[in-house]
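Each chain, letter by letter, is given below.
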Amino acid sequence: MNIIVKRILFLIAVIGIWQLIFVTGVFPDIILPSPAQIATALFEGFTSGDLVQALGASLKHLLIGLSLAILFGTILGVIFGKSNQADETAGMYLIALQSIPSIVWVPLAIMLFGFSEFAVVFVVVLGGTFVMALNVRTAIHNVSPQLIRAARTMGTRGFSLFRRVEIPASIPYFMQGVRLAWAFSWRALMAGELLSNGPGLGYSLRYAQDYARMDQVIGIIIIIGVIGAVVDQLVFSKLEKNVMQRWGLRTKA
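Anyway, here's the lowdown on the structure attached to this text. Treat the numbers as computed from the prediction; the structure is a model and nothing was measured.

### Things to note about the overall build of the protein
Counting its secondary structure elements, the protein contains 10 helices and zero strands. Listed N to C, the secondary structure of the protein is α-α-α-α-α-α-α-α-α-α in terms of helices and strands. When the backbone C-alpha atoms are referred to their principal axes, the protein occupies close to 75 × 55 × 30 Å. Out of the 253 residues belonging to the protein, those deemed buried represent 39%. Counting only contacts in the protein whose residues sit at least 6 apart along the sequence, the fraction spanning at least 24 positions is 69%. Approximately 14600 Å² of the protein is accessible, and the part contributed by carbon and sulfur atoms is 68%. On the protein, the mean spot of the 19 positive side-chain charges and the mean spot of the 12 negative ones are 19 Å from each other.

And the structure:
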């Protein structure tokens, strides 16, 4: 059976179970709205423009934050990957910073920048930078020694060796880092916006929760999940797959 058909059938089954639980009245409407109520809330949110504005603001925060995270993470990763002294001295701190949940950075961002959009971007940057740096560092460390020795045998050294051998050999792992940076940045964005003064999907989620609008809360959660899955599958997953195939690390299906 086609994978798309399987996914559609699974979604129908989940909605059916959800509707069944709603009909039995196990939970009141204010806690668990029906699928129809969620659909109505989403329709009203998009037609009024509120969700469109929130989504646009979130994507702007993400675009700025993710771009900076990839840039800073790549620079840090190259430094730790090329310098044994830097890696031995500060490499462990990079792992420690990467393990910190994104929401932990929110109080620091608020203290530094207040309840502003810049604070949200700051959290997004921190959410993606360290995982990107770790992947770039690993990419450089995983370059085959045989390739480096062969290049040196032919007289390639210094920056030319890095540009012509190490960068191309690191690209597959670099793409894995970009995909992870996107995922971590998307989560960090929602954490930052939850405690911001808006606009953004996270702020809209908190606003709906303050007014006990569970239909809007669940609807926004669905939007966040759908965007995360769609962007990962249609953009970053395909880019990573194409690069892996081109570099001979994965065969075509």
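### Notes on the packing of aromatic side chains
Summed over the entire model, instances satisfying the criterion amount to six aromatic pairs. An angle of 35° between the planes, with centres 6.4 Å apart, marks the rings of W105 and F130 as tilted. Residue W105 is found in helix α5 (residues 105-113), and its partner F130 is found in helix α6 (residues 117-141); the two are separated by 25 residues along the sequence. Across this residue pair, the class does not change: W105 and F130 are buried. With a centroid separation of 5.5 Å and an interplanar angle of 25°, the aromatic rings of W182 and W186 are classed as stacked.

### Digging into the nonpolar core
Membership of the largest hydrophobic core comes to 32 residues, with the highest contact counts inside it found for W186, L189 and L201. Contributions of two or more residues to this core are made by α2 (35-48), α3 (50-82), α6, α8 (158-194), α9 (201-210) and α10 (214-246). Contacts of L201, omitting those with residues within four sequence positions, involve A54, L55, S58, W186, M190, E193, I220, I223, I224 and I227. Within the second largest apolar cluster, seven residues are counted, among which are L94, L126, A133 and L134.

### A closer look at the packing of helix α7 (residues 145-153) against α8
As a packed pair, α7 and α8 sit with axes 11 Å apart at the nearest point and diverge in direction by 160°. Relative to α8, the element α7 is oriented roughly antiparallel. Relative to α8, α7 is oriented so that their crossing is right-handed. For the pair α7 and α8, the contacting residues are L147, I148, A151 and R152 in the first and L161, V165, E166 and A169 in the second. Here the contact of α7 with α8 is composed, by residue class, of six nonpolar, no polar and two charged.

### Concerning α8
For α8, spanning 37 residues, the distance from its first C-alpha to its last is only 47 Å, which falls clearly below the expected 54 Å at 1.5 Å a residue. The principal kink in α8, of about 50°, is found at I171, preceding the proline P172 by one to four residues.

### Overview of the layout of surface pockets
Within this model, the largest pocket holds a volume of roughly 570 Å³. What lines the largest pocket is a set of 18 residues, and nearest its centre among them are R7, L11, I222, V226 and A229. Every element with two or more residues in the lining of the largest pocket is listed here: α1 (3-24), α2 and α10. Here the residues of the lining of the largest pocket are counted per class, giving 15 nonpolar, two polar and one charged. Forming the boundary of the second largest pocket are 18 residues, of which D50, L51, S204, Y207 and Q216 lie nearest the centre. For the lining of the second largest pocket, the secondary structure elements donating two or more residues are α2, α3, α9 and α10. Looking at the lining of the second largest pocket, the element that brings in the most residues is α2, giving five residues.

The rules behind the values
Residues numbered from 1 in each chain as written. Predicted model: local features only at pLDDT ≥ 70, side-chain atom pairs only at ≥ 80, totals over all residues. Heavy atoms only, no water. Helix = DSSP H or I, 4+ residues; strand = E, 2+ residues; numbered from the N terminus. Buried < 20%, exposed > 50% of the residue type's maximum accessible area, 1.4 Å probe, protein only. Contact = heavy atoms within 4.5 Å. Areas by Shrake-Rupley, 256 points an atom, 1.4 Å probe, with all protein chains shown as cover. Lys, Arg positive; Asp, Glu negative; His and termini not counted. Charge placed at Lys NZ, Arg CZ, Asp CG, Glu CD. Phe/Tyr/Trp six-rings, centres within 6.5 Å; stacked < 30°, edge-to-face > 60°. Core = buried A, V, L, I, M, F, W, Y, C linked by side-chain atoms within 4.5 Å. Axes fitted to C-alpha atoms, helices over the stretch in contact; angles between N-to-C directions. Parallel < 35°, antiparallel > 145°, perpendicular 65-115°, else oblique. Left-handed = near helix turned anticlockwise from the far one by under 90°. Nonpolar A, V, L, I, M, F, W, Y, C, P; charged D, E, K, R; others polar. Expected span 1.5 Å × (residues − 1). Bend = angle between axes of the 7 residues up to and from the residue. 1 Å grid on protein atoms, 1.4 Å probe; cavity = no way out; pocket = protein on both sides within 12 Å on 5 of 7 lines; lining within 4 Å. Points joined across faces, edges and corners; volume = space filled by probe spheres on them.

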